[in-house]
Amino acid sequence: MSDAPLILAIDTSCDDTAVAITRGVVVLANVVASQTQLHKQYGGVFPTVAKLAHKENIAPTITAALRRAGVTWDAISAIAVTQGPGLAPALEVGIAAAKELAIKHQKPLLPINHIEGHLLSPLARPQRKTETVADFDSQQVNNVLSLVISGGHSEFILVKKIGEYQRLGWTIDDAAGEALDKVGRMLDLGYPAGPVMEEFARLGNEKAFEFPLPMTTRQDYQLSFSGLKTAARNKIETLQATQDLTKTQIYDFSASFQRAVFRAICYKLNKICNNVEIANITEVWLGGGVAANIELRRMIRETIKPFGLQLRVPYSKKICSDNAAMIGLVAGVRTVSADQTFERKPRLGLVV
Ligand code: KG4
Ligand code: ZN
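The text that follows walks through the structure, step by step, so that each part is easy to find. The structure displayed is predicted, hence computed values, not measured ones. (Residues numbered from 1 in each chain as written. Chains lettered and ligands numbered in written order. Predicted model: local features only at pLDDT ≥ 70, side-chain atom pairs only at ≥ 80, totals over all residues. Heavy atoms only, no water.)

### Let's talk about the site of ligand 1
Here is step 1 of the chain: The local shell around ligand 1 holds 19 residues, among which Gly151, Asp181, Glu198, Gly289 and Asp322 are the closest.
Here is step 2 of the chain: Here Gly177 contributes a backbone N or O atom positioned 3.2 Å from an oxygen atom of ligand 1.
Here is step 3 of the chain: Contacts to ligand 1 include Gly289, whose backbone N or O atom sits 2.9 Å from an oxygen atom.
Here is step 4 of the chain: Against a free-state accessible area of 560 Å², the protein chains account for coverage of 87% of ligand 1.
Here is step 5 of the chain: When contributions to the shell around ligand 1 are tallied by element, the ones reaching two or more residues are helix H4 (114-120), helix H5 (176-186) and helix H6 (194-203). (Near = heavy atom within 4 Å. Polar contact = N/O pair within 3.5 Å; in protein donor to acceptor, adjacent residues only side chain to side chain. Areas by Shrake-Rupley, 256 points an atom, 1.4 Å probe, with all protein chains shown as cover. Helix = DSSP H or I, 4+ residues; strand = E, 2+ residues; numbered from the N terminus.)

In structure tokens form, the structure reads like this:
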């Protein structure tokens, strides 16, 4: 049994009320009260609606996480909570709840960066009843290239060591998940469209529609998806000018657009792997909601294979999308200074 401290973690950065119990990298409970159904009618997340739903869900979600882990407050060593980035009204609810509980139960409060959560999420491990869990050795992590691909972020981050990060590239406009969601909305796929597009893409022909490869004239590792989104809008409008899209056209469009987004990511990924100065990368990690996509994983594996690199992904889809297990995990693998009075930081970046 590991003697790492038991953490109760909270994330309310967007539209999911998430509470987890973790010990080191081991996840004892990972409860997510999703608001997807509430926001569907708006085709995106409506911040004030999210805030109200978080307020309603937070207490029962905490109770459910403690029950599922089979622990009481006495066993909890600290409370970790997302400080940012995220929607200000949503972050506020999780932080307020965490502060209140920290006072009530006399626990240290640990502010955590949501992006660092996604970044380290491939390290998470489920709890297995029969297994003895050894302490995680953070020294094992050296020069890992991590891709955080979600609805809010698309970043290449070099993890020199845990806690020592260098941002190599990021999107200059939309995030990859955001682009999938926006084009999915044009195709009437509902919200969020990413998972539906993945399903439809399996039924379609990825060569049916051609899209440009963005950002090829720049030598850096920056990404951009807004040009692809505009190209998609123009194509859809042209098609719709004569008649509604057929099912086959929607499948083909999903396959072609999804591939265009992932191709843009893999193009820059290949560039990074080729750079001799950062070529001593030991492993590639993928986190964030879009990391659940099997085709993205396949394309990344194909890109990094010639460099002798392996891809590590979160152990379940629930660890890819927003969750609090990844927040507890950050506190479990590096020292985070306690702060009982910190404020939300909606635009918090990853410290470099
Ligand atoms: O990490 P996440 O839950 O929230 C943010 O921090 O943004 O990511 C949500 C994003 C959405 O854009 C959603 O469409 C996308 O992840 N997503 C997917 C898949 N599952 C979720 N995109 C493509 N394929 C999927 N299977
Ligand atoms: Zn996220």
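### Observations regarding the packing of helix H8 (residues 247-274) against helix H9 (residues 294-304)
Here is step 1 of the chain: Across the interface, H8 lies against H9 with an axial gap of 10 Å and an inter-helix angle of 30°. Our classification of the angle between H8 and H9 gives roughly parallel. With respect to the hand of their crossing, H8 and H9 are arranged in right-handed fashion. Where H8 abuts H9, its residues Gln258, Arg259, Phe262, Arg263, Ile265, Cys266, Leu269, Asn270 and Cys273 lie against Glu295, Leu296, Met299, Ile300, Thr303 and Ile304.
Here is step 2 of the chain: Split by residue class, the contact of H8 with H9 holds nine nonpolar, three polar and three charged. (Axes fitted to C-alpha atoms, helices over the stretch in contact; angles between N-to-C directions. Parallel < 35°, antiparallel > 145°, perpendicular 65-115°, else oblique. Left-handed = near helix turned anticlockwise from the far one by under 90°. Contact = heavy atoms within 4.5 Å. Nonpolar A, V, L, I, M, F, W, Y, C, P; charged D, E, K, R; others polar.)

### Let's talk about the packing of aromatic side chains
Here is step 1 of the chain: If you walk through the whole model with that rule in mind, you get four aromatic pairs.
Here is step 2 of the chain: Ring geometry for Phe209 versus Phe253: centroids 4.9 Å apart, planes at 55°, classification tilted. Of this pair, Phe209 sits in the loop between H6 and helix H7 (226-242) while Phe253 sits in helix H8; the two residues are 44 residues apart in sequence, bridging distant segments of the chain. The same class applies to Phe209 as to Phe253, namely buried.
Here is step 3 of the chain: Aromatic pair Phe211 and Phe253: ring centres 5.7 Å apart, planes at 90°, arrangement edge-to-face. One end of the pair, Phe211, is in the loop between H6 and H7; the other, Phe253, is in helix H8, and 42 residues separate them in sequence.
Here is step 4 of the chain: Looking at Phe211, the relative accessible area reads 9%, which means it is buried.
Here is step 5 of the chain: Taken together, the ring pairs in this structure connect Phe209, Phe211, Phe253 and Phe257 into an aromatic cluster.
Here is step 6 of the chain: Here the basic side chain of Lys99 rests over the ring of Phe342, its NZ or CZ set 5.8 Å away from the ring centre.
Here is step 7 of the chain: The ring of Phe211 is capped by Lys235, whose NZ or CZ atom sits 5.3 Å from the centre of that ring. (Phe/Tyr/Trp six-rings, centres within 6.5 Å; stacked < 30°, edge-to-face > 60°. Buried < 20%, exposed > 50% of the residue type's maximum accessible area, 1.4 Å probe, protein only. Lys NZ or Arg CZ within 6 Å of the ring centre and 35° of its normal.)

### Re the coordination of the zinc ion (ligand 2)
Here is step 1 of the chain: Distances from the zinc ion (ligand 2) to its protein donors, His114 (NE2), His118 (NE2) and Asp322 (OD), fall at 2.0 to 2.1 Å.
Here is step 2 of the chain: Considering all four donor atoms around the zinc ion (ligand 2), angles at the metal cover 93 to 132° and the coordination shape is tetrahedral.
Here is step 3 of the chain: Between consecutive donors of the zinc ion (ligand 2), the numbers of intervening residues give the motif H-x3-H-x203-D. Placement of the pair is His118 in helix H4 and Asp322 in the loop between helix H10 (317-320) and helix H11 (325-333), with a sequence separation of 204 residues. Accessibility assignment for this pair places His118 and Asp322 in one class, buried. (Donors = N, O, S within 2.8 Å, 3.2 Å for Na, K, Ca; no water. Tetrahedral: all angles 85-135°; square planar, octahedral: opposite > 155°, others 65-115°.)

Read these as spatial facts, not as claims about activity.
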